[in-house]
Amino acid sequence: MLTIYRRHRKNCKQRARGRKYRHCQCPIWVDGALGGKEVRESLKLRDWQRAQELIREWEAEDRRVVKQERQVTIKDAHAKFVADAQARKLNDATVYKYRLLFRQLDDFAGTYKLQFLKQLDLDALATFRATWTEGPRTSLKKLERLRAFMRFAEKRKWIDDNPARELKAPKVPNKPTMPFTREEMIRILTALEAYGKSAGIRNAQRLRAFVLLLRYSGLRIGDATQLNVSRLDENKLLLHTEKTGVPVYCVLPDMVVKALNDAPHSSAHYFFWTGKSTVHSAKGKWQRRLQRLFDLAKVPNGHAHRLRDTFAVELLLNGVPLDRVSILLGHSSIRITERHYAPWTRSRQEQIETDLKSAWKNDPIVLTGGKGNQEKTGQVN
């Protein structure tokens, strides 16, 4: 007779309840005798019902029923995931981040002698996550990519479940969006003269056009780097196409259009990219150029995304509705825009001020001029 039981892990909260407790996700083992031989081994399952069905098959046949199945290796799994991501036409920057995650996963697997995907259980993934040195926000994004990879494997039945779901997300501090002030923008543009003295006038022209494009289009630096010349039609810049198939254009100021047309183009098809190197490599070069410019301008904590934030915040402060700003930014949901930019919405602030004024009108202390419980006649009760 065979008996199945949970072999609780050291960190299992139900370990004290013993092997008879079954309502956890610890590995299932079998113990007993079959065909006159003692059996005690892991079933490599976590689902109790599937384990019972397997044991019934063993006892009916009076022997172990071994199902031949090919184990999927970690390297095969992430190679297929990358191929699927490319077939789905995901952004090159997104695919690059997945490749970086998989390089780190391969190094981890090599250190701990892990070869097959099923070996990446909750303990293994928790140990892998412990090797990450990034900050909480970056770690959260990396965890999301790890979950997506394991979910991909689960849907293809390469693993029984997705243990990455059980990894708790790091606590990310809510940092307010910090656009450049108008004074900082003036300092940045003024610093281009000093930049041109060391890097050359032509490079300064190209960097000026790049800065103005980021500021007045709200493009991410990766999208700006690979901006195709054909996307600019007079002063209208094609930002993206909505899911409905409707194109979204941004009207650029004349000075930005002039800067783009006057600056030397990197190639016949792109403003700022030769088209020969990878987008990631070209993006890195522009990030370094911007950082040098911010240093010359003496602007602390300067980075490309703050130009995108400046674009969004200036629109909101000028009364542009949040839903329209969300469309221009290319956010998949207005909730994303609200999370980052709602504090800067002018209509929101105006509504807050109106609500406060309305509340003060009915406040008894305000009505008495701050004199407390005093009648209009001036007599104190």
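Residues numbered from 1 in each chain as written. Predicted model: local features only at pLDDT ≥ 70, side-chain atom pairs only at ≥ 80, totals over all residues. Heavy atoms only, no water.

So, the packing of aromatic side chains
For the structure shown, the criterion picks out 16 aromatic pairs. Linked through ring pairs, Phe81, Tyr98, Phe102, Phe149, Phe152 and Trp158 together constitute an aromatic cluster. The cationic tip of Arg7 hangs over the ring face of Trp29; the distance from NZ or CZ to the ring centre is 4.1 Å. Taking NZ or CZ as reference, Lys236 lies 4.7 Å from the ring centre of Tyr249, over its face. (Phe/Tyr/Trp six-rings, centres within 6.5 Å; stacked < 30°, edge-to-face > 60°. Lys NZ or Arg CZ within 6 Å of the ring centre and 35° of its normal.)

Considerations on helix α3 (residues 92–111)
The end-to-end C-alpha separation of α3 is 29 Å, in line with the 28 Å expected for 20 residues at 1.5 Å each. Within α3, the full set of buried residues consists of Val95, Tyr98, Leu101, Phe102, Leu105, Phe108 and Ala109. Mapping the buried residues of α3 onto a view down its axis gives an arc of 135°, with all of them on the same face. Across from the buried face of α3, at angles greater than 90 degrees, the exposed residues are Asp92, Asp107 and Thr111. The opening residue of α3 is Asn91, an N-cap whose side-chain oxygen sits 2.8 Å from the backbone nitrogen of Ala93. Of the residues flanking the end of α3, it is Lys113, one or two places downstream, whose phi is positive at about 60°. (Helix = DSSP H or I, 4+ residues; strand = E, 2+ residues; numbered from the N terminus. Expected span 1.5 Å × (residues − 1). Buried < 20%, exposed > 50% of the residue type's maximum accessible area, 1.4 Å probe, protein only. Arc of directions from axis to C-beta. Polar contact = N/O pair within 3.5 Å; in protein donor to acceptor, adjacent residues only side chain to side chain.)

Digging into the sheet that holds strand β1 (residues 2–6)
One open sheet holds the 3 strands; their spatial order is β1-β2-β3, and the pairing between them is antiparallel. Each of the sheet's edge strands pairs with one partner strand only, and the pair in question is β1 and β3 (37–45). Strand-to-strand, the axes of this sheet are offset by a mean angle of 20°, without reference to chain direction. (Pairing = 2+ DSSP bridges. Axes fitted to C-alpha atoms, helices over the stretch in contact; angles between N-to-C directions.)

Remarks on the confidence of the model for the chain
In the predicted model, the chain carries a mean pLDDT of 86, and the fraction of residues at 70 or more is 91%. For the chain, helix α16 (residues 364–367) is the element with the lowest average pLDDT, namely 72, and helix α8 (residues 201–217) is the one with the highest, namely 95. A low-confidence stretch, residues 376–381 (pLDDT under 50), is modelled with 4 contacts involving residues beyond four sequence positions or located in other chains. (pLDDT = per-residue confidence, 0-100. Contact = heavy atoms within 4.5 Å.)

Here's the deal with the packing of helix α6 (residues 182–190) against α8
Two quantities define a packed helix pair, namely the angle between the axes and the distance from one axis to the other. Where α6 contacts α8, the axes come no closer than 10 Å and their chain directions differ by 160°. Accordingly, the angle class assigned to the pair α6 and α8 is roughly antiparallel. Judged by the twist between their axes, the crossing of α6 over α8 is left-handed. Where α6 approaches α8, its residues Met185, Ile188 and Leu189 are matched on the opposing element by Val211, Leu212 and Arg215. Residue classes in the contact of α6 with α8 are distributed as 5 nonpolar, no polar and 1 charged. (Parallel < 35°, antiparallel > 145°, perpendicular 65-115°, else oblique. Left-handed = near helix turned anticlockwise from the far one by under 90°. Nonpolar A, V, L, I, M, F, W, Y, C, P; charged D, E, K, R; others polar.)

What to know about the side chain of Lys142
In this fold, Lys142 is placed in helix α5 (residues 136–155). Excluding its chain neighbours within four sequence positions, the residues that come into contact with Lys142 are Leu101, Gln104, Trp132 and Glu134.

Looking at the packing of α8 against helix α11 (residues 279–296)
As a packed pair, α8 and α11 sit with axes 11 Å apart at the nearest point and diverge in direction by 95°. Between α8 and α11, the angle is such that the two are roughly perpendicular. Between α8 and α11, the contacting residues are Arg206, Leu207, Phe210, Val211 and Leu214 on the first element and Trp286, Arg289, Leu290 and Leu293 on the second. When grouped by side-chain class, the residues that make up the contact of α8 with α11 number 7 nonpolar, no polar and 2 charged.

Examining the pattern of salt bridges
Inspection of every chain in the model, using the stated rule, returns 12 salt bridges. The partner of Asp121 in a salt bridge is Arg9, with the nearest N and O atoms 3.0 Å apart. Remark: Arg9 occurs in the loop between β1 and β2 (28–34) and Asp121 occurs in the loop between α3 and α4 (122–130); sequence separation between them is 112 residues. Here Arg50 ties to Asp160 by a salt bridge, and the two come within 3.4 Å at their closest N and O atoms. Of this pair, Arg50 sits in helix α1 (residues 48–61) while Asp160 sits in the loop between α5 and α6, and the two are 110 residues apart along the sequence. Arg50 gets classed as partly exposed once you look at its relative accessible area, which sits at 42%. Asp160 gets classed as partly exposed once you look at its relative accessible area, which sits at 34%. Residues participating in the shared-partner salt-bridge network are Arg19, Asp31, Glu38 and Arg40. (Salt bridge = Lys/Arg side-chain N within 4 Å of Asp/Glu carboxyl O.)

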